[in-house]
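Structural overview for review
The primary structure of each chain is shown beneath.
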Amino acid sequence: MEEQRLADLAVAGAALDATLVAYGEEQSLRVTFLHVIAEYTRRNGHADLLREHVDGVTGS
């Protein structure tokens, strides 16, 4: 959880429209958060597919 604490410190007090450079491209903190959320949900979806394959239970 140290990574989470450091991330929280890095953005503490920053506006969502504050910009940063990531991979050579300028983007807002808002876009960065949206990217992180999208990646998180994508990976959770992959985990669900693996679990469904193992236990055969699907969501409804």
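Residues numbered from 1 in each chain as written. Predicted model: local features only at pLDDT ≥ 70, side-chain atom pairs only at ≥ 80, totals over all residues. Heavy atoms only, no water.

**Considering the pattern of salt bridges**
Think of it this way: side chains of opposite charge can pair up when their charged atoms draw near. What the rule picks out here adds up to six salt bridges. With a shortest N-O distance of 3.3 Å, Asp55 and Arg51 are connected by a salt bridge. Of this pair, Asp55 and Arg51 both sit in helix 2 (residues 29–55), separated by four residues, roughly a single helical turn. Since its relative accessible area comes to 40%, Asp55 is described here as partly exposed. One continuous salt-bridge network, built from bridges that share partners, spans Glu39, Arg42 and Arg43. (Salt bridge = Lys/Arg side-chain N within 4 Å of Asp/Glu carboxyl O. Helix = DSSP H or I, 4+ residues; strand = E, 2+ residues; numbered from the N terminus. Buried < 20%, exposed > 50% of the residue type's maximum accessible area, 1.4 Å probe, protein only.)

**A few points about the confidence of the model for the protein chain**
Per-residue confidence for the protein chain averages 89 on the pLDDT scale, and 97% of its residues sit at or above 70. The weakest mean pLDDT in the protein chain belongs to helix 2 at 88; the strongest belongs to strand 2 (residues 25–28) at 95. (pLDDT = per-residue confidence, 0-100.)

**Observations regarding the pairing of strand 1 (residues 19–22)**
In terms of strand pairing, strand 1 meets strand 2 through four bridges, oriented antiparallel. From the neighbouring strand, Ala22 faces strand 2, where its bridge partner is Glu25. Linking strand 1 back to strand 2 in an antiparallel pair, the connection comprises two residues, with Tyr23 at a positive phi of about 55°. (Pairing = 2+ DSSP bridges.)

**Focus on the side chain of Gln27**
With respect to the element layout, Gln27 can be found in strand 2. At 2.8 Å, the side chain of Gln27 forms a polar contact with the side chain of Thr32. Residues contacting Gln27, with those up to four places away along its chain left out, are Ala18, Thr19, Leu20, Ala22 and Thr32. (Polar contact = N/O pair within 3.5 Å; in protein donor to acceptor, adjacent residues only side chain to side chain. Contact = heavy atoms within 4.5 Å.)

**Notes on unusual backbone geometry**
In this structure, Tyr23 takes a positive phi of about 55° despite not being glycine. Within the secondary structure layout, Tyr23 lies in the loop between strand 1 and strand 2.

**As for helix 2**
Compared with an ideal rise of 1.5 Å per residue, which puts 27 residues at 39 Å, helix 2 spans 39 Å between its outermost C-alpha atoms and is within 8% of the ideal. Of the residues one or two after helix 2, Gly56 is the one with positive phi, at around 75°. (Expected span 1.5 Å × (residues − 1).)

**Regarding a nonpolar patch on the surface**
Judged by side-chain polarity, Leu16, Phe33, Leu34 and Ile37 come together as a nonpolar surface patch covering roughly 370 Å² of accessible area. Within the secondary structure, Phe33 sits in helix 2. Phe33 sits in the partly exposed class, given a relative accessible area of 36%. (Patch = residues over 30% accessible without salt bridge, like charges linked within 9 Å, V, L, I, M, F, W, Y side chains within 5 Å. Areas by Shrake-Rupley, 256 points an atom, 1.4 Å probe, with all protein chains shown as cover.)

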